[in-house]
Amino acid sequence: MTSTDGLRLLPFRGLRYAPDRVSSLTAVTSPPYDVVVRPEGVRHLETADPYNIVRLILPHAADPSTRHRQAADTLRRWRTEGVLAQDPEPALYVYEQRAGEVLQRGLIGALRLDGPVLPHEDVIPEVVEDRAALMRAAAANFEPLLLSYRGRNSANGATAVIERVVERTPLLATTTEDGFRHRLWAVTDPADLAAIDADLAHRQALIADGHHRWATYQRLYEQQPGAGARSPWASGLVLLVDTARYPLQVRAIHRVLPHLPPAKALADLDGVFRARALPGELSAALEALEETPGTAFVLAGGRGSFHLLDRPDAGLLDRTIRRDRPEAWRRLDATVLHSVLLDEVWHIPDRPSDIGYLHHAEAAVEHAARLGGSAVLMRATSEETVRQLAERGVTMPRKSTSFGPKPATGLVLRTLDDIDN
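All figures in this text were calculated on a predicted structure; none of them were measured in a lab.

Engineer: Account for the pairing of strand 16 (residues 296-302), naming residues and giving values.
Structural biologist: For strand 16, the buried fraction is high: six of the seven residues fall into the buried class. By the bridge criterion, six bridges tie strand 16 to strand 17 (residues 305-310) in an arrangement that is antiparallel. Bridge assignment links Gly302 to a residue of strand 17, and that residue is Ser305. Remark: two residues form the turn of the hairpin made by strand 16 and strand 17, two consecutive strands paired antiparallel; Gly304 in that turn has positive phi of roughly 80 degrees. Pairing of strand 16 with strand 19 (residues 374-377) involves three bridges; the strand directions are antiparallel.

Engineer: Can you tell me about the environment of Met378, naming the residues and giving the values?
Structural biologist: Topologically, Met378 is positioned in the loop between strand 19 and helix 15 (383-391). With 335 residues separating them in the primary sequence, Met378 and Arg43 have C-alpha atoms 28 Å apart. If sequence neighbours within four positions are ignored, Met378 has contacts with Ala252, Ile253, His254, Arg255, Leu289, Phe297, Asp333, Ala334 and Leu337.

Engineer: So what's going on with the pattern of salt bridges? Which residues, and what values?
Structural biologist: Under the defined criterion, the tally for this structure stands at 32 salt bridges. In this structure, Arg323 and Asp318 form a salt bridge, with 2.7 Å as the shortest nitrogen-oxygen distance. By relative accessible area, which is 36% here, Asp318 ends up partly exposed. For Asp354, the salt bridge identified is with Arg351, shortest N-O distance 2.5 Å. For Asp354, a relative accessible area of 10% translates into the label buried. Arg351 gets classed as partly exposed once you look at its relative accessible area, which sits at 44%. Here the salt bridges share partners, and the residues they tie into one network are Glu96, Arg98, Arg105, Glu163, Arg183 and Arg245.

Engineer: Give a detailed account of helix 14 (residues 361-371), specifying residues and quantitative values.
Structural biologist: Restricting attention to buried positions, one finds in helix 14 the residues Ala361, Ala363, Ala364, Val365 and Ala368. Check the buried side of helix 14 and you find it contacts strand 14 (254-257), helix 10 (282-291), strand 16, strand 17, strand 18 (356-358) and strand 19. Downstream of helix 14 by one or two residues, Gly372 has phi in the positive range, about 75 degrees.

Engineer: A description of the sheet that holds strand 18 should follow, citing residues and the corresponding values.
Structural biologist: Taken together, the six strands give an open sheet; going across it, the order is 15-17-16-19-14-18, and neighbouring strands pair in antiparallel fashion. In the strand order of this sheet, the two ends are held by strand 15 (274-278) and strand 18, each with one partner. On average, each strand axis in the sheet is inclined to that of its neighbour by 25 degrees, with strand direction left out of account. Sheet contacts for helix 14: strand 14, strand 16, strand 17, strand 18 and strand 19; angle to strand 19, the most-contacted strand, approximately 160 degrees.

Engineer: So what's going on with helix 5 (residues 125-138)? Which residues, and what values?
Structural biologist: Relative to the 20 Å expected for 14 residues at 1.5 Å per residue, helix 5 spans 20 Å between its end C-alpha atoms, a close match to the ideal helical length. Contacts from the buried residues of helix 5 go to helix 3 (54-57), helix 4 (64-81), strand 7 (140-141) and helix 8 (211-222).

Engineer: Before we move on, can you summarise the nonpolar core with the specific residues and values?
Structural biologist: Formed by 117 residues in total, the largest nonpolar core has its most connected members in Tyr17, Ile108, Phe142, Leu147, Trp214, Phe273 and Trp346. In terms of residue count, the dominant contributor to this core is helix 13 (residues 333-345) (seven residues). Ranked by size, the runner-up nonpolar core spans 19 residues in total, among them Ala296, Ala363, Ala368 and Leu377.

Engineer: So what's going on with the packing of helix 4 against helix 5? Residues and values would help.
Structural biologist: Between two packed helices, what matters for the description is the angle formed by their axes and the separation of those axes. Put simply, helix 4 and helix 5 touch, their axes get as near as 8 Å, and they point 35 degrees apart. Along this stretch, helix 4 crosses helix 5, giving a crossing that reads as right-handed. Packed against helix 4, whose contacting residues are Arg67, His68, Ala71, Ala72 and Leu75, the element helix 5 presents Asp130, Ala133, Leu134, Ala137 and Ala138 at the interface.

Engineer: Could you give me a rundown of the packing of helix 5 against helix 8, with the residues and numbers involved?
Structural biologist: Two elements in contact, helix 5 and helix 8, have axes whose closest approach is 9 Å; the angle formed by their N-to-C orientations is 60 degrees. Here helix 5 lies oblique to helix 8, going by the angle between them. Judged by the twist between their axes, the crossing of helix 5 over helix 8 is right-handed. Of the residues in helix 8, those touching helix 5 at Val127, Val128, Glu129, Arg131, Ala132, Met135 and Arg136 are His212, Arg213, Ala215, Thr216, Tyr217, Arg219 and Leu220. Its residues assigned to classes, the contact of helix 5 with helix 8 shows seven nonpolar, two polar and five charged.

Calculation rules
Residues numbered from 1 in each chain as written. Predicted model: local features only at pLDDT ≥ 70, side-chain atom pairs only at ≥ 80, totals over all residues. Heavy atoms only, no water. Buried < 20%, exposed > 50% of the residue type's maximum accessible area, 1.4 Å probe, protein only. Helix = DSSP H or I, 4+ residues; strand = E, 2+ residues; numbered from the N terminus. Pairing = 2+ DSSP bridges. Contact = heavy atoms within 4.5 Å. Salt bridge = Lys/Arg side-chain N within 4 Å of Asp/Glu carboxyl O. Axes fitted to C-alpha atoms, helices over the stretch in contact; angles between N-to-C directions. Expected span 1.5 Å × (residues − 1). Core = buried A, V, L, I, M, F, W, Y, C linked by side-chain atoms within 4.5 Å. Left-handed = near helix turned anticlockwise from the far one by under 90°. Parallel < 35°, antiparallel > 145°, perpendicular 65-115°, else oblique. Nonpolar A, V, L, I, M, F, W, Y, C, P; charged D, E, K, R; others polar.

Coordinates in, geometry out; function isn't part of it.
Structure below.
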């Protein structure tokens, strides 16, 4: 595929739940697949409504091929039964999320894969393979990934279209369990679509959330023999947010090490990091972590078992961290964690069975305690640091950041087996 100068966000015929066929939109939506805490979260969502989207994004069966076939069969059945219905004409979708003082608005569409999209994290090949097999079997993009760009608040650009469209009656409105209110509008007017296209043609995007899905889109396109630029596989479902107008929130992603007991983790740290026991609850431990200068983590072994790790041995850092990267990358907490603690000190294999990633600190602590392992609680990296490294072509260790608010899964899907998809 030949790279283009700017972003191309293409309209598509969205596949959406028929309101009269489900108990409520809230009951059929889900967080993104990698945020759902499994298996508890999957069971909770499955019992909310028999048509909850989690049955498509996280089907469970004895083996992967059965899971993927099950999702494809479920999607086909729901479409046949009219549970999911396709919109009559191609559209871009204005999507709004609001909770308290947090307001985010953006555009959902099919983004051409050959545009200037900057990744900032590495991916896990096994996860990409699994997501690719699922999307290939179902011929669908189930959930948009989150991309950010820097607009100019132009009176004639994408922002102007968004602000005008949100004054209309939305296609749907619902409030999810996390307190966020979601609204969606279709943009079909040719003049509005042209204004958006002209504006985005001068932009580049940063992957905020969804590196594995973006890599999956690329893998799927490469695997389609003879697929050209007009192929539905040449684009992927995204939510594009102008962070100059709607800044994203950036949170940490925590690590769960199921095979590393806390006592062994602490013993191995002798002379490598300073480890201090923290009294009190999780909130106090996280507050202490935020206030600690330099590299720092919280090692958790369960409720009430927290140690602050800081002041790493400078000689060890110098020996173990790559020198061919910018100093900002060398100082990242995630860099130190993976290069020094996981690889050199604890010798944790870099595979999903040995390192888990959870977005919520409390869930990470409880999961580690249940498995008899340890959780490493992290701090967030600023969006500006992420963008600066990405613009230099430097990727951060995988799962270094969690941008949000993330789009709810299940409000609009994209199929790849229809004309004008």
